[in-house]
Amino acid sequence: MSQQTVEKGYFGQFGGSFVPKDLQRALDILEENFEKFKNDSTFNEELAYYLREYVGRENPLTYAKNFTEALGGAKVYLKREDLNHTGAHKINNAIGQILLAKRMGATRIIAETGAGQHGVATATACAMFGMECTIYMGKLDTERQALNVFRMELLGAKVVPVEKGQGRLKDAVDAALADYVENYQNTFYLLGSAVGPHPYPTIVKHFQSVISEESKKQILEKEGKLPTAVIACAGGGSNAIGAFAHYLDEPNVRLIGVEPEEAPTLTKGVPAVIHGFKCLTLLDENNDPMPTYSIAAGLDYPGIGPEHSYLKETGRAEYVTVSGKEALEAFQQLSKLEGIIPALESSHAVAYAMKLAPQLSKEDIVIVNLSGRGDKDVEQVFEMLKK
Ligand SMILES: *Cc1c(COP(=O)(O)O)cnc(C)c1O
């Protein structure tokens, strides 16, 4: 990367590590091991093996012909993270971090989860690698997502409902951090998005960068040129940073992150420290992280990865919002036109492509990162459309 900004986990003014001393010690050990193994050829061969044989990479970059013709502008390609085992990009990071955990001698994995998607990816990877797995989940979330709790248990994980606070994601993160501080000698905290204190945003980006490593090679093979724009939805920002990574040094490629209008962290946020790092954050009148309500559970987070905060500040990436209603429309359009049901999160990226592509010429190419498949959302959409 030519962007010389990663100075001890800082991206401009964002990132860093604002945590108690005990936790800092665990994070320093993690950083040291990550730096050691990320360039280790045996480690990387093992990672490549599991991404191929278990996750099903590389996944296709599909030309969405019908969708393109309906929009009447730029050619739209879909990067198919929806075809990964477990149906989304989260497994890329779960496999990467668990291999790191194994190298570090950990026997136990812990993770936080909101709606359950990261919990399921973690439980899946733990089942395959024979690791003990504990997932912290807000009590309220365990009630709302009972099926995902069962799915994690089926995969052999222990799900701990967190009653403290509001029983939501933030409380699950706090419980997981408390466990980590206590047990870091044998326990690895597998964090699910490009957020948290250093070195997590850097680790998650590293393991998600496979998305743009593949898409860049694929678009050059298919079209002989780079895309005009890459579009990805942004919750914590892991699929987006993975989709952007290999284009950061290509100034002619527009990088566009799409947030829900209902949780516009990058569009409306201010610099603040949450969950141990500094990022653009939505704060309420008491300067607490604001509760957000997106129809897409995976986008419902008041903060965002520090690197996105920085890319927004420098203008290298653009961040836009679409409404839940527009995402719902995109969900139906892509299903009907391409036979691909996108996750509601990914539908936000699809919705923005529907606005952008018609403004561009037929010579332009747009890549939409389809972060996940929408099977998990069909029942929710059914209920929403009934009303
Ligand atoms: C979790 C999730 C997201 C949001 O997380 P990021 O870290 O922003 O990528 C987006 N899409 C899907 C399908 C998800 O499961």
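Let me begin by describing the structure that accompanies this report. (Residues numbered from 1 in each chain as written. Predicted model: local features only at pLDDT ≥ 70, side-chain atom pairs only at ≥ 80, totals over all residues. Heavy atoms only, no water.)

1. Thoughts on the site of the ligand
And then number 1: Of all residues adjacent to the ligand, which total 16 residues, the nearest are Lys-90, Gln-117, Ser-193, Gly-235 and Ser-238.
And then number 2: Considering the ligand on its own, with 380 Å² of exposed area, one finds that the protein chains cover 96% of that surface.
And then number 3: Taken together, the residues that form the shell around the ligand break down as 3 nonpolar, 11 polar and 2 charged.
And then number 4: Of the domains in this structure, domain 1 (14-47 + 89-197) and domain 2 (55-86 + 208-384) are the two that each give at least three residues to the shell around the ligand. (Near = heavy atom within 4 Å. Areas by Shrake-Rupley, 256 points an atom, 1.4 Å probe, with all protein chains shown as cover. Nonpolar A, V, L, I, M, F, W, Y, C, P; charged D, E, K, R; others polar. Domains from an automatic or database assignment.)

2. A short note on the side chain of Thr-134
And then number 1: In this fold, Thr-134 is placed in strand S7 (residues 132-138).
And then number 2: On the basis of relative accessible area, Thr-134 is assigned to the buried category, the value being 3%.
And then number 3: When near neighbours in sequence (up to four residues on either side) are disregarded, Thr-134 contacts Arg-108, Ile-109, Ile-110, Ala-111, Lys-158 and Val-160. (Helix = DSSP H or I, 4+ residues; strand = E, 2+ residues; numbered from the N terminus. Buried < 20%, exposed > 50% of the residue type's maximum accessible area, 1.4 Å probe, protein only. Contact = heavy atoms within 4.5 Å.)

3. What to know about the sheet that holds strand S11 (residues 254-260)
The pairing of strands in a sheet comes from backbone hydrogen bonds and takes either a parallel or an antiparallel form.
And then number 1: Read across the sheet, 6 strands follow the order S4-S5-S15-S10-S11-S14 without closing on themselves; strand pairing throughout is mixed. Taken across any chain shown, the strands that pair with only one partner, and hence form the sheet edges, are strand S4 (61-63) and strand S14 (317-322). Strand-to-strand, the axes of this sheet are offset by a mean angle of 25°, without reference to chain direction.
And then number 2: In this structure, strand S5 (residues 75-80) lies alongside strand S15 (residues 365-370), joined through 6 bridges in parallel fashion. In the sheet register, Leu-78 faces S15, and the bridge partner there is Val-368. (Pairing = 2+ DSSP bridges. Axes fitted to C-alpha atoms, helices over the stretch in contact; angles between N-to-C directions.)

4. Quick look at the sheet that holds S7
And then number 1: The sheet built from 4 strands is open, its strands ordered S8-S7-S6-S9 with parallel pairing. Strands with a single pairing partner mark the edges of an open sheet, and in this sheet they are strand S8 (158-162) and strand S9 (187-189). Averaged over all pairs of adjacent strands, the angle between their axes in this sheet comes to 25°, without regard to strand direction.
And then number 2: The sheet contact formed by strand S6 (residues 108-113) and S9 spans 3 bridges and is parallel. Residue pairing across strands places Ile-110 opposite Tyr-189, the latter belonging to S9.
And then number 3: Strands S6 and S9 of the sheet are contacted by helix H4 (residues 90-103), whose axis makes an angle of about 155° with S9.

5. Quick look at the nonpolar core
And then number 1: Residues Ile-95, Tyr-180 and Phe-244 are the most contacted members of the largest nonpolar core, which totals 85 residues.
And then number 2: Here this core takes 7 residues from H4, the largest share from any one element.
And then number 3: Here this core spans two domains, and each of domain 1 (14-47 + 89-197) and domain 2 (55-86 + 208-384) adds at least three residues to it.
And then number 4: Setting aside residues no more than four positions away along its own chain, Ile-95 makes contact with Leu-47, Tyr-50, Tyr-54, Val-55, Ala-125, Met-128 and Phe-129.
And then number 5: With 33 residues, the next largest nonpolar core counts Leu-71, Val-76, Ile-231 and Ala-357 among its residues. (Core = buried A, V, L, I, M, F, W, Y, C linked by side-chain atoms within 4.5 Å.)

6. What to know about helix H5 (residues 117-129)
And then number 1: Taking 1.5 Å of rise per residue, 13 residues should cover 18 Å, and H5 covers 19 Å from first to last C-alpha, within 8% of that figure.
And then number 2: For H5, the tally of buried residues reaches 10 of 13 residues, placing the bulk of the element in the interior.
And then number 3: Buried residues of H5: His-118, Gly-119, Val-120, Ala-121, Thr-122, Ala-123, Thr-124, Ala-125, Cys-126 and Phe-129, and no others.
And then number 4: The elements touched by buried residues of H5 are helix H2 (41-55), H4, S6, S7 and helix H7 (146-154).
And then number 5: One or two positions beyond H5, positive phi appears at Gly-130, with a value near 60°. (Expected span 1.5 Å × (residues − 1).)

7. Notes on the packing of aromatic side chains
The geometry of two aromatic rings is summed up by the distance between their centres and the angle between their planes.
And then number 1: Tallied over the entire structure, the rule returns 8 aromatic pairs.
And then number 2: Between Phe-34 and Phe-207 the ring centres are 6.3 Å apart and the planes differ by 75°, which places this aromatic pair in the edge-to-face class. With Phe-34 in helix H1 (residues 21-37) and Phe-207 in helix H9 (residues 200-208), this residue pair connects regions lying 173 residues apart in the sequence.
And then number 3: Here Tyr-49 and Tyr-50 contribute two aromatic rings whose centre-to-centre distance is 5.0 Å and whose plane-to-plane angle is 90°, an arrangement assigned as edge-to-face.
And then number 4: What makes Tyr-49 partly exposed here is its relative accessible area of 39%.
And then number 5: Each member of the aromatic cluster is reached from another via a ring pair, and the members are Phe-34, Phe-37, Phe-43 and Phe-207.
And then number 6: Here Lys-75 stacks its cationic end above the ring of Tyr-63, 5.0 Å away from the centre of that ring. (Phe/Tyr/Trp six-rings, centres within 6.5 Å; stacked < 30°, edge-to-face > 60°. Lys NZ or Arg CZ within 6 Å of the ring centre and 35° of its normal.)

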